[in-house]
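Residue strings, one per chain:
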Amino acid sequence: MSNKTEQNDLMEKIVSLCKRRGFVFPSSEIYGGLANTWDFGPMGVLLKNNFKELWWKIFVQEREDMVGLESSIIMNPRVWEASGHVSEFADMLIDCKKCKNRFRADHLVEDATGIDIEGKSPEEAAKVIEKNKVKCPACGKIDWTKARNFNLLFKTYIGAIEDEKAIAYLRGETAQGMFVDFKEILNSSRQKIPFGIAQVGKSFRNEVTPGNFIFRTREFEIAELEYFMSPKADWRKIFDSWLKVMQRLANEIGLNEKDIHFHDIPKEKRAHYSKKTVDVEYNYPFGQSELWGLAYRTDYDLKKHQEYSGKDLSYTDPKTNEKYIPHVVEPSMGVERSLLAILCAAYTEEKIEKETRIVMKFPKNLAPIKIAVFPLLKNKPELVEKAHDIFDSLKLSYVCEFDDNGNIGKRYRRQDEIGTPYCVTVDFDSVKDDAVTVRNRDTMEQKRVKIAGLEAFFSKNFGK
Ligand code: ATP
């Protein structure tokens, strides 16, 4: 992308396509929506599931040293006290007294001055704002409230009485489930250290400034894993090997290598539990931003949970009898941020004569619909029947869509915009020669294929 306007345009085009074709739209819109909350429509849910399935295949299924978990969203509130989230999981915010707009103090200062204040106290932040005469980006005035820390955990109450004792939290990350269930999984599975526990699920953060479509929301899914290892293990080697797996995922979801950056996070900007963090950043249309993270969490979490729960969370090596609290490396990947990167990478405009063709060039395994089946005309029963027979047989192996609406050009355009790799059209010749036209999404090449040979054709082209 060459300039900012083009980048904004691209973002608008993607948001509009997502709504038009049922990938993502604003939530509860009949009530005016709720800012920064989004629903995944028929195409979005398929794309999301395909991403999660691929993630699970790469990070769990293909390995001998990984097991899965689905832990609760609402856990004992002590979990979040032990993990440090109740005291540490905060962003600093500040309000403009004149126009009442609210900002994340670190973003405000960085945008205005280029100074990075992450990790600084509210008092230190206030000094930087005063010294640099930072203006309100909304109204241009300098009249700030005090900067203050704001905890990101969503609170709720369990049961009928809303008092202090009933407070619980919606999980801010899935990771804590893996830590608190560590012993349970060790005792019930055949795993020995080193091994990992993976989970994909909803997380909630009361973000101060959500935005950029599905990039930063208050409710989102994380796909992450905790890889448990001996304190004597070569953690750098394990860290690097997970980074490679993340690179492989980036490649398989169609992200261009030149759009991916690895950012080694300096100590003062790392989360409270991390000894090393590498952020995988992506060139989104609104700028280079964090896509995924990889952190070395040491034995911080298990130690804390051992301390707070009073339960022994150590591991005894069956060979050496050595007893220790395992250390942990954690690859952590936001599902919606991944989808946004996938959507940006797939979005393609092609000039064809006087028209512009919009096509989502998803990798085939991510495409929501794999094959669309059309009768050329919907008022010709012999074509409709044949097309239905083909749909009924292909749908057993592939997610297919049957469409007999509108002219064929419009139907192709819709399938291009939802990224369907192949369209099968039953035409008048099909009745005579038992063959159909198969159109390729990317090349638009049309090929005649015998109906009896369709299964073999697709199994070859989908690599089944
Ligand atoms: P950021 O600095 O952008 O707030 P983070 O470093 O706090 O993110 P982590 O705690 O490492 O994020 O969360 C793991 C992953 O979850 C991130 O790499 C990102 O993909 C995703 N993620 C985090 N916060 C959000 C959010 N508010 N909305 C959507 N995805 C998110």
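Some details on the site of the ligand
Phase 1 of the analysis: Around the ligand there are 13 residues in total, and Glu 207, Arg 216, Thr 217, Glu 290 and Leu 291 lie nearest to it.
Phase 2 of the analysis: The contact in question runs from a nitrogen atom of the ligand to an N or O atom on the backbone of Phe 215, over 3.4 Å.
Phase 3 of the analysis: When the ligand sits alone it has 600 Å² of accessible area, and the protein chains cover 82% of it.
Phase 4 of the analysis: Put simply, the parts of the chain that give the shell around the ligand at least two residues each are β13 (287–298) and β16 (327–334).
Phase 5 of the analysis: Grouping the amino acids of the shell around the ligand by side-chain chemistry returns four nonpolar, four polar and five charged.

Considering the pattern of salt bridges
Phase 1 of the analysis: Overall, the coordinates contain 42 salt bridges when judged by the stated rule.
Phase 2 of the analysis: Of the charged contacts, one joins Glu 62 and Arg 248 as a salt bridge, the two residues approaching to 3.0 Å between their closest N and O atoms. Taken together, the residues Glu 62 in the loop between α2 (42–61) and β3 (66–68) and Arg 248 in helix α9 (residues 235–252) connect sequence positions 186 residues apart.
Phase 3 of the analysis: With a shortest N-O distance of 2.7 Å, Lys 202 and Glu 219 are connected by a salt bridge. In this pair, Lys 202 sits in strand β9 (residues 195–204) while Glu 219 sits in strand β10 (residues 219–229), placing the two residues 17 residues apart along the sequence.
Phase 4 of the analysis: A single salt-bridge network, built from bridges that share partners, covers Glu 350, Arg 357, Lys 361, Asp 416 and Arg 439.

Some remarks on the side chain of Glu 336
Phase 1 of the analysis: Within the fold, Glu 336 resides in helix α11 (residues 335–346).
Phase 2 of the analysis: Owing to a relative accessible area of 4%, Glu 336 belongs among the buried residues under this scheme.
Phase 3 of the analysis: Filtering out sequence-adjacent residues up to four positions away, Glu 336 remains in contact with Phe 40, Lys 48, Ile 214, Phe 220 and Glu 221.

Re the domain arrangement of the chain
Phase 1 of the analysis: Splitting the chain by domain gives domain 1 (22–71 + 176–345), domain 2 (90–151) and domain 3 (369–461).
Phase 2 of the analysis: Taken together, the contact between domain 1 and domain 2 spans seven residues of the former and 10 residues of the latter.
Phase 3 of the analysis: Here domain 1 packs against domain 2, burying approximately 710 Å² in sum over the two surfaces, 53% of which is carbon and sulfur.
Phase 4 of the analysis: Linking domain 1 with domain 2 are two salt bridges, by the criterion used here.
Phase 5 of the analysis: Notably, a salt bridge pairs Asp 116 with Lys 269, separated by 2.9 Å at the nearest N-O pair.
Phase 6 of the analysis: For the pair domain 1 and domain 2, the interface holds one residue pair in polar contact (both at pLDDT 80 or more).
Phase 7 of the analysis: Residues of the side of domain 1 that touches domain 2, tallied by class, amount to one nonpolar, two polar and four charged.

Definitions and limits used
Residues numbered from 1 in each chain as written. Predicted model: local features only at pLDDT ≥ 70, side-chain atom pairs only at ≥ 80, totals over all residues. Heavy atoms only, no water. Near = heavy atom within 4 Å. Polar contact = N/O pair within 3.5 Å; in protein donor to acceptor, adjacent residues only side chain to side chain. Areas by Shrake-Rupley, 256 points an atom, 1.4 Å probe, with all protein chains shown as cover. Helix = DSSP H or I, 4+ residues; strand = E, 2+ residues; numbered from the N terminus. Nonpolar A, V, L, I, M, F, W, Y, C, P; charged D, E, K, R; others polar. Salt bridge = Lys/Arg side-chain N within 4 Å of Asp/Glu carboxyl O. Buried < 20%, exposed > 50% of the residue type's maximum accessible area, 1.4 Å probe, protein only. Contact = heavy atoms within 4.5 Å. Domains from an automatic or database assignment. Buried area = accessible area lost by both parts, 1.4 Å probe.

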